[in-house]
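Chain residues, written in single-letter form:
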Amino acid sequence: MADPQTYLPALLGRPGSVHLAARDTTGRIVAVGHLMPDHSAVEAALLVEDSWQGQGLGTRLLYHLGHHALRGGWATLYGLVLSGDERMDALLRHVPVAVHRSEEGGTVTAWVQGRDLGAGLPGRRRSCFLRTGHR
């Protein structure tokens, strides 16, 4: 990939995008998630540091992203997952709404409908561990 400094400002500055970060007790960012508008849909992306995986951070970030997608009124929330990614498969199995999938060329597109999010997500809990940034 190119140097992140060449594309990160444009990514983070995109109107309507939502960016979340989880920090450890020292303040170091250990997980990030974002929503990127794509017409009537919104793409969700998660990244959790290896040593923090399996502790629920990705799941918590995804729930918060789901709430932001619902409030933003997007019809569809989707993400791209590499085929065979067992951790993401496990995370998606815990989502309390129907997750649709299609696979092409080693990449799985997983998506949920906005109306399903409204019916399936539990109420939002405040967490001082997660910090939200809006654009």
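These figures come from a predicted structure and were not determined experimentally.

## Some thoughts on the overall build of the chain
Counting secondary structure elements, the chain contains four helices and seven strands. Reading the chain from its N terminus to its C terminus gives the helix and strand order α-β-β-β-α-β-α-β-β-α-β. Taken over 135 residues, the chain has a buried fraction of 34%. Put simply, the chain shows about 8400 Å² of open surface, and 54% of that area lies on carbon and sulfur atoms.

## Focus: the pattern of salt bridges
Enumeration over the complete set of coordinates arrives at three salt bridges. Of the charged contacts, one joins R28 and E49 as a salt bridge, the two residues approaching to 2.6 Å between their closest N and O atoms. Highlighted residues: R28 in the loop between strand 1 (18-23) and strand 2 (29-38) and E49 in the loop between strand 3 (41-48) and helix 2 (57-72), separated in sequence by 21 residues. Residue E49 is classed as partly exposed on the basis of its relative accessible area, which comes to 28%. In the salt-bridge network here, residues are joined through shared partners; they are D24, R28 and E49.

## Observations concerning a nonpolar patch on the surface
A cluster of nonpolar side chains, namely Y7, L8 and L12, defines an oily patch on the protein surface of about 220 Å² accessible area. Among the secondary structure elements, L12 is positioned in helix 1 (residues 4-12).

## Section: helix 2
Given a rise of 1.5 Å per residue, 16 residues ought to cover 22 Å, and the 22 Å separating the end C-alpha atoms of helix 2 matches this to within 8%. Of all the positions in helix 2, only L57, G58, L61, L62, H64, L65, G66, H67, H68 and A69 are classed as buried. One or two steps after helix 2, the chain reaches G73, where phi turns positive at roughly 75 degrees.

Conventions we followed
- Residues numbered from 1 in each chain as written.
- Predicted model: local features only at pLDDT ≥ 70, side-chain atom pairs only at ≥ 80, totals over all residues.
- Heavy atoms only, no water.
- Helix = DSSP H or I, 4+ residues; strand = E, 2+ residues; numbered from the N terminus.
- Buried < 20%, exposed > 50% of the residue type's maximum accessible area, 1.4 Å probe, protein only.
- Areas by Shrake-Rupley, 256 points an atom, 1.4 Å probe, with all protein chains shown as cover.
- Salt bridge = Lys/Arg side-chain N within 4 Å of Asp/Glu carboxyl O.
- Patch = residues over 30% accessible without salt bridge, like charges linked within 9 Å, V, L, I, M, F, W, Y side chains within 5 Å.
- Expected span 1.5 Å × (residues − 1).

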